[in-house]
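# Breakdown of the fold
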Amino acid sequence: MDARALKEGVVSARLDPDALSAGFADLHAPLGDHEALVAADRCYFCHDAPCVTACPTDIDIPLFIRQIATGTPEAAAKTILTQNIMGGMCARVCPTETLCEEVCVREAAEGEPVQIGRLQRYATDTLMEQGVHPFSRAASTGKRIAVVGAGPAGLACAHRLAMHGHDVVVFDARPKAGGLNEYGIAAYKSTQDFAAREVDWLLQIGGIEIRNNMALGRDVAMADLRSDYDAIFLGMGLGGVNALTAPGADKEGVLDAVDFISDLRQATDLSTLPVGRDVVVIGGGMTAVDAAVQSKLLGALNVTIVYRRGRDRMNASVWEQDLAAAKGVRIVTNAAPVAVHGNGAVREIEFEFTDDNLTPTGQTFRLAADQVFKAIGQTLTGDDLPDLDGRKIAVTGPGRTSVDGVWAGGDCTAGGEDLTVTAVAEGRDAAEDIHAALTRT
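Given the structure is predicted, the values throughout are model-derived calculations rather than measurements.

Take the pattern of salt bridges next. This structure, assessed with the given rule, holds 20 salt bridges. Residue Arg 121 is joined to Asp 26 by a salt bridge in which the shortest nitrogen-to-oxygen separation is 2.7 Å. Of this pair, Arg 121 sits in helix 9 (residues 116-129) while Asp 26 sits in the loop between helix 2 (17-23) and helix 3 (33-40), and the two are 95 residues apart along the sequence. What makes Asp 26 partly exposed here is its relative accessible area of 26%. Ionic pairing is found between Asp 167 and Arg 137, a salt bridge with its closest N-O pair at 3.4 Å. Placement of Asp 167 in strand 3 (residues 167-171) and of Arg 137 in the loop between helix 9 and strand 2 (144-148) is noted, with a sequence separation of 30 residues between them. Residue Asp 167 is classed as partly exposed on the basis of its relative accessible area of 31%. In the salt-bridge network here, residues are joined through shared partners; they are Asp 26, Arg 92, Arg 121 and Asp 125.

As structure tokens, this is what we get:
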């Protein structure tokens with residue numbers, strides 16, 4: 001084993017460039033033309049297709065697969081994008097194994113579903129690579145809408161509003177648009193700067209202005225937005241991170257997993273990213289898995305995910321859990337952190353076993369750790385927000401909030417699933433409701 005992999009502490013360049021490149025290659029290679037035809041031919045084109053019901057954006061999946069099968073992937077792409085303008089990214093990151101593919105009739109009969117996600121990517125990539133934008137704007141309405149957040153919900157809302165002829169200004173706190181797609185997705189799921197390319201493609205509709213480095217409450221006030229715009233859509237996601245309350249959590253080497261993933265996504269040279277030899281990730285969701293797997297791919301020797309409940313309660317899908325295990329990540333469940341040990345920097349983290357109701361058992365253990373990533377959830381930040389439901393914005397129907405003229409969608413709202421595809425659906429549906437409200441006579 002290379003000595004760099006065994007080096008203690010948090011260091012960079014644990015692996016050679018070839019190994020890094022291989023590890024962060026596209027997780028699912030795109031289908032070629034012949035492969036797509038073969039995959040499409042397996043679809044039964046069900047009349048009452050369960051896959052459509054399972055899709056949060058209601059894509060007519062049998063129709064787009066039939067269009068691929070008949071040699072018209074561009075038409076298939078338009079079928080997809082009509083319902084889900086970010087169908088390209090969703091084809092890469094959507095947990096199809098627990099949505100459309102899980103209920104596929106082929107899955108039920110043979111244990112092998114139609115490759116819906118890969119076929120969706122084939123269609124949307126074909127169209128995008130041609131530089132074609134299949135939608136155009138309606139005549140100008142003279143209405144202006146402010147969208148807060150350039151993530152999946154905000155961009156989907158902005159695009160649909162622009163299609164209806166409204167002018168949209170998108171305010172985003174980050175230097176680049178894309179939100180979770182740009183900053184929060186594992187690098188091996190979205191390669192070749194796809195998130196940024198998809199944003200550029202989406203903006204071809206026209207009528208959308210993006211203002212970066214503009215955070216609600218810091219750079220722009222809700223009161224100003226309400227006075228300057230005809231409607232507001234809030235899709236800023238969750239900007240805060242839940243705190244780790246265990247003693248010693250402020251030691252060097254204890255970091256937020258979302259920041260680690262963001263830094264990795266924005267890095268131009270992966271060999272410059274430091275990673276520990278012994279990495280512990282606290283949490284049980286997709287962020288935890290993404291942080292753990294990417295730590296391993298950067299060359300960490302020992303990577304462990306520790307979750308306070310059982311595996312069946314993890315938010316990460318079974319497929320994602322299996323991916324982590326296949327990459328060499330150990331998963332420990334029913335254990336909660338109780339202390340972080342070390343002289344200034346973390347050296348060990350202590351856990352206590354818990355039962356399924358999170359009741360402490362009194363049994364503790366320690367894991368060596370020179371780097372600990374917190375993936376224990378995010379929180380809503382901002383002032384002067386509409387009424388909350390718990391710790392998120394309360395909404396009814398298609399994103400209506402307690403404030404007249406203000407809609408919301410995506411991760412910042414209560415009740416939904418924290419998925420890109422769900423955020424797109426909520427942004428799209430809110431846009432339709434905003435359009436109806438602004439054009440009602």
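Below, the discussion takes up the packing of helix 14 (residues 257-266) against helix 15 (residues 286-297). In contact at an axis separation of 9 Å, helix 14 and helix 15 are set at 55° when each is read in the N-to-C sense. Taken as axis vectors, helix 14 and helix 15 run oblique relative to one another. Between helix 14 and helix 15 lies a crossing whose hand is left-handed. Two secondary-structure elements touch here, helix 14 through Ala 257, Val 258, Phe 260, Ile 261 and Leu 264 and helix 15 through Thr 287, Asp 290, Ala 291, Gln 294 and Ser 295. Looking at the contact of helix 14 with helix 15 residue by residue, the classes come out as six nonpolar, three polar and one charged.

Take unusual backbone geometry next. The phi torsion at Phe 45 lies on the positive side, around 50°, for a residue other than glycine. Within the secondary structure, Phe 45 sits in the loop between helix 3 and helix 4 (50-54). Looking at Phe 45, the relative accessible area reads 24%, which means it is partly exposed. Phi angles above zero are rare outside glycine, and Asn 213 is one such case at about 55°.

Turning our eyes to something else, we now look at the sheet that holds strand 10 (residues 302-306). Reading across from one edge, 7-15-9-10-11 is the order of the five strands in this open sheet, with parallel pairing throughout. Among the strands making up the open sheet, the edge pair consists of strand 7 (254-256) and strand 11 (330-332). Mean inter-strand twist for the sheet, computed between neighbouring axes without regard to direction, equals 25°. Where strand 7 and strand 15 (residues 371-374) come together, three bridges link them in parallel fashion. Opposite Leu 255, over in strand 15, you have Phe 373 as the bridge partner. Helix 15 rests against strand 9 (278-282), strand 10 and strand 15 of the sheet, and its axis sits at about 170° to strand 10.

What counts and what doesn't
- Residues numbered from 1 in each chain as written.
- Predicted model: local features only at pLDDT ≥ 70, side-chain atom pairs only at ≥ 80, totals over all residues.
- Heavy atoms only, no water.
- Salt bridge = Lys/Arg side-chain N within 4 Å of Asp/Glu carboxyl O.
- Helix = DSSP H or I, 4+ residues; strand = E, 2+ residues; numbered from the N terminus.
- Buried < 20%, exposed > 50% of the residue type's maximum accessible area, 1.4 Å probe, protein only.
- Axes fitted to C-alpha atoms, helices over the stretch in contact; angles between N-to-C directions.
- Parallel < 35°, antiparallel > 145°, perpendicular 65-115°, else oblique.
- Left-handed = near helix turned anticlockwise from the far one by under 90°.
- Contact = heavy atoms within 4.5 Å.
- Nonpolar A, V, L, I, M, F, W, Y, C, P; charged D, E, K, R; others polar.
- Pairing = 2+ DSSP bridges.

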